[in-house]
Amino acid sequence: MPTYRPHTYRPDTPSHPPVSWPEYKSNVGRAPHKPFVLLPQRLGEITGPLLGEGRVGANDNDLTLGHDGEPQGQRIIVSGRVLDGDGRPVAGTLLEVWQANAGGRYRHDADRHPAPLDPNFTGVGRTITDSDGRYSFTTIQPGAYPWRNHDNAWRPAHIHFSLFGTAFTQRLITQMYFEGDPLFAQDPIFNSVRDPKAREAMVAKFDLATTVPEWALGFQWDIVLRGKNPTPLEEEDDDE
Amino acid sequence: MSESQSTGLQLSGLQTTPSQTVGPFFRHGLEWEDGPYVVPEGTSGAFRIEGTVFDGAGLPVPDAVIETWQADPDGRFDHPDDPRGAVRWKDFRGFGRSATDPEGRYSVLTVKPGPLPVAGGGREAPHLNVSVFCRGMLVRLVTRIYFPDEEEANTVDPVLTSIDDPARRATLIAGIAGSAPTETTPPGYRFDIHLQGEHETVFFDL
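Quick caveat: nothing in here was measured; it's all calculated off a predicted structure.

Rules of the game
Residues numbered from 1 in each chain as written. Chains lettered and ligands numbered in written order. Predicted model: local features only at pLDDT ≥ 70, side-chain atom pairs only at ≥ 80, totals over all residues. Heavy atoms only, no water. Helix = DSSP H or I, 4+ residues; strand = E, 2+ residues; numbered from the N terminus. Buried < 20%, exposed > 50% of the residue type's maximum accessible area, 1.4 Å probe, protein only. Areas by Shrake-Rupley, 256 points an atom, 1.4 Å probe, with all protein chains shown as cover. Pairing = 2+ DSSP bridges. pLDDT = per-residue confidence, 0-100. Contact = heavy atoms within 4.5 Å. Buried area = accessible area lost by both parts, 1.4 Å probe. Salt bridge = Lys/Arg side-chain N within 4 Å of Asp/Glu carboxyl O. Core = buried A, V, L, I, M, F, W, Y, C linked by side-chain atoms within 4.5 Å. 1 Å grid on protein atoms, 1.4 Å probe; cavity = no way out; pocket = protein on both sides within 12 Å on 5 of 7 lines; lining within 4 Å. Points joined across faces, edges and corners; volume = space filled by probe spheres on them. Nonpolar A, V, L, I, M, F, W, Y, C, P; charged D, E, K, R; others polar. Phe/Tyr/Trp six-rings, centres within 6.5 Å; stacked < 30°, edge-to-face > 60°. Polar contact = N/O pair within 3.5 Å; in protein donor to acceptor, adjacent residues only side chain to side chain. Axes fitted to C-alpha atoms, helices over the stretch in contact; angles between N-to-C directions.

Caption draft 1: Structural context of the overall build of chain B. When you go through chain B residue by residue, the secondary structure sums to 4 helices and 12 strands. For chain B, the residues scored as buried account for 55% of the 206 residues in total. In the structure as shown, chain B presents an accessible area of about 8,500 Å², 51% of it carried by carbon and sulfur atoms.

Caption draft 2: Local environment of the pairing of strand 4 (residues 124–128) of chain A. Residues and elements named next belong to chain A. The element strand 4 is largely enclosed, with a buried count of 4 among its 5 residues. Note: strand 3 (residues 94–99) against strand 4, 5 bridges, orientation antiparallel. In the sheet register, Leu94 faces strand 4, and the bridge partner there is Ile128.

Caption draft 3: Summary view of the confidence of the model for chain B. Residue and element names in this part refer to chain B. Residue-level pLDDT values for chain B average 91, and 90% of them are 70 or greater. Counting contacts from residues 1–11, a segment whose pLDDT is below 50, to residues more than four positions away or on other chains yields 15 contacts. Confidence estimates for the predicted assembly give a pTM of 0.93 and an ipTM of 0.94.

Caption draft 4: Representation of the interface of chain A and chain B. With 88 residues of chain A at the interface, the matching set in chain B holds 79 residues. In total, chain A and chain B occlude about 7,200 Å² of area from one another, counting both sides; carbon and sulfur atoms represent 60% of this. Remark: the boundary between chain A and chain B carries 6 salt bridges. Salt-bridge contacts for A:Arg42 lead to B:Glu124; the nearest nitrogen and oxygen are separated by 3.8 Å.

Caption draft 5: Region of interest: the nonpolar core. Residue and element names in this part refer to chain B. Counting 24 residues, the largest nonpolar core has Ile49, Tyr106, Ile145, Ile193 and Leu195 as its most contacted members. When residues of this core are traced back to their parent elements, those giving at least two are strand 1 (47–54), strand 2 (64–69), strand 4 (105–110), strand 7 (127–134) and strand 8 (141–146). Broken down by element, the residue count for this core peaks at 4 residues, all from strand 7. Residues within four places of Ile145 in sequence aside, it is in contact with Ile49, Tyr106, Pro126, His127, Leu128, Val130, Leu172, Ala174 and Phe191.

Caption draft 6: Expanded view of the layout of surface pockets. Its volume calculated, the largest pocket comes out at about 710 Å³. Along the wall of the largest pocket there are 28 residues; nearest its centre are A:Ala110, A:Trp147, B:Pro24, B:Phe25 and B:Arg135. Per element, the largest residue contribution to the lining of the largest pocket is 3 residues, and it comes from strand 6 (residues 145–147) of chain A. Considering only residue class, the lining of the largest pocket consists of 12 nonpolar, 7 polar and 9 charged.

Caption draft 7: Seen up close, the packing of aromatic side chains. Scanning all chains against the criterion turns up 20 aromatic pairs over all chains. Geometrically, the ring pair formed by A:Phe137 and A:Phe161 is edge-to-face, given 5.9 Å between the ring centres and 85° between the ring planes. Here A:Phe161 lies in strand 8 (residues 158–163) and A:Phe137 lies in strand 5 (residues 134–140), a separation of 24 residues in the sequence. Using a relative accessible area of 1% as the deciding quantity, one classes A:Phe161 as buried. When the ring of B:Trp32 is compared with that of B:Phe95, the centres are 5.8 Å apart and the planes differ by 55°; the resulting orientation is tilted. Remark: B:Phe95 occurs in strand 3 (residues 95–99) and B:Trp32 occurs in the loop between helix 2 (27–30) and strand 1; sequence separation between them is 63 residues. Summarising the burial analysis for this pair, B:Trp32 and B:Phe95 share the class buried.

Caption draft 8: Structural detail: empty space enclosed by the protein. Per the stated rule, a full pass over the model turns up 3 cavities of 30 Å³ or more. Approximately 60 Å³ is the volume attributed to the largest cavity. If you trace the largest cavity, you find it lined by A:Pro49, A:Phe164, A:Ala167, A:Phe168, A:Arg171, B:Glu67, B:Thr68, B:Trp69, B:Phe95 and B:Ser131. Ranked by residues supplied to the lining of the largest cavity, first place goes to strand 2 of chain B with 3 residues. Looking at side-chain class alone, the lining of the largest cavity contains 6 nonpolar, 2 polar and 2 charged residues.

Caption draft 9: Expanded view of the pattern of salt bridges. Taken as a whole, this structure holds 27 salt bridges over all chains when the rule is applied. A:Glu45 serves as the salt-bridge partner of B:Arg144, at 2.7 Å between the closest nitrogen and oxygen. Here the residue B:Arg144 occupies a position in strand 8, and A:Glu45 occupies one in helix 1 (residues 43–46), the pair thus bridging two chains. The same class applies to B:Arg144 and to A:Glu45, which are both buried.

Caption draft 10: Molecular detail of the side chain of A:Asn101. Residues and elements named next belong to chain A. Summarising the element assignment, Asn101 is placed in the loop between strand 3 and strand 4. Reaching out from Asn101, the side chain makes a polar contact with the backbone oxygen of Pro116 at a distance of 3.0 Å. Residues in contact with Asn101, not counting those within four places in the same chain, are Pro116, Leu117, Asp118, Phe121, Gln141, Pro142 and Gly143.

Caption draft 11: Looking closely at the sheet that holds strand 2 of chain B. Residues and elements named next belong to chain B. With antiparallel pairing, 4 strands are arranged side by side in an open sheet as 3-2-7-8. Strand pairing shows two members of the sheet lacking a second neighbour, strand 3 and strand 8, which therefore form its edges. Strand-to-strand twist of the sheet, defined as the mean angle between neighbouring strand axes without regard to direction, takes the value 25°. By the bridge criterion, 5 bridges tie strand 2 to strand 3 in an arrangement that is antiparallel.

Caption draft 12: Region of the structure containing the environment of B:Glu151. If you trace the backbone, B:Glu151 turns up in helix 3 (residues 151–155). Counting along the chain gives 26 residues from B:Glu151 to B:Ala125, while the straight-line C-alpha distance between them is 9.0 Å.

Here's what the structure looks like:
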């Protein structure tokens, strides 16, 4: 009778925003009030969808392509690695991104920001990490945009990232911000992450090495998913 | 990151990237045409699980995305960390994704997962793991869908039995929905998700 006790993933709750964060107004009526129940990590939690090949087209990581012309705005290349909490590359994992255009407008019916849509920009991309966990997107620097959370509220420029890792436990949806954005201070979403070091982990850095001369600015951003606990069975073996 | 590369793996670990809200405008980024199909249309024994996501005021949440992850009907995962692997069910993806419509409704087409073995003995009753993302939530919410016609297995499920309050436990068990089952078509199921309020769904700390 085999025992099913492979590795589990370390908790990383302090890295994340709290469940309840009323400064973000739409959190108030939606955040659960009751305490969460502990879910031990078993087979269904340490496995997860391994999506990638077949979901991504050849140019899906270049958001400036696929239209009749070039989109408006500053062309940028965002690249980095997807790692687990121990620094191991997460290879072959799907990344999905979406963002506003250069004027801060999303291609979405509910976006009422009176900035122009760009006929040459949809703002959606996908890619898969290589064997070293590397990814790269070519896109346009998204604009900041106003929202009604509080008086004169503006979201700092950001790109939404969705990642699966290799386990249900590692699933992550986050936002990538840009170094030095003056809007950080008044943004309740950015500041919902209480640990300054964790906030820093959401900020991409300008990078001259990946800046392509006469073409596009480079930004570096590594994404770190939950790391593994030591495997209990391996420890037992070590003791023998 | 270069530090960890030069010193090797560190048990203390790297700073994990924080979660942020999916926001209101995820539709063009996350909606897949085949998202709601854990199994392809026409799969023998396939049924729908559908429901509505409600906020604390009892209003539908039209900007949520629901994801499901489950074992195949043999209770196996086609994944390197399932030591048994999967042997059948070629077209089974195990994963479903459905954004809610203007009435807050989601729907996935799937087949019933098998029970899962538990280390140290026992079994988990057939269930789906569920992630809920929506505007307003900064972190993912995790819940589970269990089946009402698996009473015996549910009674000894280690997760359900860890919840003392029967009313809370009941929030994790789907209802029968849709058209009446026939010999070849199993029933559909209804699983509403209450983010907050009197009927708040049980959410998990994973």
